[in-house]
Amino acid sequence: MNNNNAKSSFSAPIPLAVAGLGYGGLLPFLILAFASIVDAYHRPLRIEALIAYGAVILSFVGALHWGFAMTLSDLSMPKRNECFVWSVFPALVAWVAFLLPPVVAGMLLIAGFLLQYWQDYRLSKMHCLPDSYLNLRLRLTVVASLCLSVLFICYLLPAKKHV
């Protein structure tokens, strides 16, 4: 099979199951972001849950590069090692986010998602990753980052006092 056929086969739409799981993974982001704004009484818990979910998902998308390093046959050894090293970086960023105040944690997680997308973009331009993968990752990154930006809004909203 020549390289043109391999590349064109990667231009196919993302499989329905992958799209469903990816977009379904946005539901906790959307629900927790909305609940953080409208439910002042439970806001601290919702914010913690939003940060925790963001950290878990950032760790997950980072780990994809471990899988790429193991399965992309056209990777040079230095590039393969770079993917292995990068794959653990998002988990470390996510862990640090747990140790920070919510607004700072949100900024760090957003930066982590943006850096992860940049790494995905770089890898997709050098190797045969499906075009649909990068498009999906962009959409998921934007929505997750917007939901995490709700932490800034919540910081400005008055907290409900316990009576």
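No experiment lies behind these values; they were computed from the predicted model shown. (Residues numbered from 1 in each chain as written. Predicted model: local features only at pLDDT ≥ 70, side-chain atom pairs only at ≥ 80, totals over all residues. Heavy atoms only, no water.)

**Here we look at the overall build of the chain**
Reasoning step 1: The number of helices and strands found in the chain is eight helices and zero strands.
Reasoning step 2: Sequence-ordered secondary structure for the chain, helices as α and strands as β, is α-α-α-α-α-α-α-α.
Reasoning step 3: Dimensions of the chain, computed from the C-alpha atoms along their principal axes, are close to 70 × 30 × 20 Å.
Reasoning step 4: A total of 163 residues make up the chain; the buried ones form 39% of that total.
Reasoning step 5: Long-range pairs, those at least 24 residues apart, make up 74% of the contacts in the chain between residues at least 6 apart in sequence.
Reasoning step 6: Summed over its atoms, the accessible surface of the chain is roughly 9,300 Å², and 74% of this surface lies on carbon and sulfur atoms.
Reasoning step 7: Each charge class in the chain was averaged separately, 11 positive and 6 negative side chains, and the resulting centres sit 5 Å apart. (Helix = DSSP H or I, 4+ residues; strand = E, 2+ residues; numbered from the N terminus. Buried < 20%, exposed > 50% of the residue type's maximum accessible area, 1.4 Å probe, protein only. Contact = heavy atoms within 4.5 Å. Areas by Shrake-Rupley, 256 points an atom, 1.4 Å probe, with all protein chains shown as cover. Lys, Arg positive; Asp, Glu negative; His and termini not counted. Charge placed at Lys NZ, Arg CZ, Asp CG, Glu CD.)

**Quick look at the confidence of the model for the chain**
Reasoning step 1: Per-residue pLDDT for the chain averages 89, and the proportion of residues at 70 or more is 91%.
Reasoning step 2: Highest mean pLDDT in the chain belongs to helix α3 (residues 27–38) (96); lowest belongs to helix α1 (residues 3–9) (42).
Reasoning step 3: For residues 1–9, every residue scores under 50 in pLDDT, and the model assigns this stretch five contacts once sequence neighbours within four places are set aside. (pLDDT = per-residue confidence, 0-100.)

**A word on the packing of helix α4 (residues 43–71) against helix α7 (residues 131–148)**
Reasoning step 1: One way to put it is that α4 packs onto α7 with a least axis distance of 11 Å and a crossing angle of 160°. When the axes of α4 and α7 are compared, the pair comes out roughly antiparallel. Where α4 crosses over α7, the handedness of that crossing is left-handed. Where α4 approaches α7, its residues Leu 50, Val 61, Leu 64 and Phe 68 are matched on the opposing element by Tyr 133, Arg 137, Cys 147 and Leu 148. (Axes fitted to C-alpha atoms, helices over the stretch in contact; angles between N-to-C directions. Parallel < 35°, antiparallel > 145°, perpendicular 65-115°, else oblique. Left-handed = near helix turned anticlockwise from the far one by under 90°.)

**Concerning the side chain of Thr 141**
Reasoning step 1: Among the secondary structure elements, Thr 141 is positioned in helix α7.
Reasoning step 2: The exposure class assigned to Thr 141 is buried, which follows from its relative accessible area of 2%.
Reasoning step 3: With residues up to four places along the chain from it excluded, the contact list for Thr 141 reads Phe 113, Leu 114 and Tyr 117.

**Structural notes on the packing of aromatic side chains**
Reasoning step 1: Inspection of the entire model under this criterion finds five aromatic pairs.
Reasoning step 2: Arranged with centres 4.9 Å apart and planes meeting at 70°, the rings of Phe 29 and Tyr 53 form a pair that is edge-to-face. Placement of Phe 29 in helix α3 and of Tyr 53 in helix α4 is noted, with a sequence separation of 24 residues between them. The exposure classification of Phe 29 matches that of Tyr 53, with both residues buried.
Reasoning step 3: With a centroid separation of 4.8 Å and 35° between ring planes, the pair formed by Trp 86 and Phe 89 is classed as tilted. Of this pair, Trp 86 and Phe 89 both sit in helix α5 (residues 77–98), separated by three residues, roughly a single helical turn.
Reasoning step 4: We classify Phe 89 as partly exposed; its relative accessible area is 35%. (Phe/Tyr/Trp six-rings, centres within 6.5 Å; stacked < 30°, edge-to-face > 60°.)

**A word on the packing of α5 against helix α6 (residues 102–126)**
Reasoning step 1: The N-to-C vectors of α5 and α6 enclose an angle of 165°; their axes lie 9 Å apart at closest approach. It follows from the interaxial angle that α5 and α6 lie roughly antiparallel. The handedness of the crossing between α5 and α6 is left-handed. Taken together, the residues of α6 that come into contact with α5 (itself represented by Lys 79, Glu 82, Cys 83, Trp 86, Phe 89, Pro 90, Val 93, Ala 94, Val 96 and Ala 97) are Ala 105, Leu 108, Leu 109, Gly 112, Leu 115, Gln 116, Gln 119, Arg 122, Leu 123 and Met 126.
Reasoning step 2: The class makeup of the residues in the contact of α5 with α6 is 14 nonpolar, three polar and three charged. (Nonpolar A, V, L, I, M, F, W, Y, C, P; charged D, E, K, R; others polar.)

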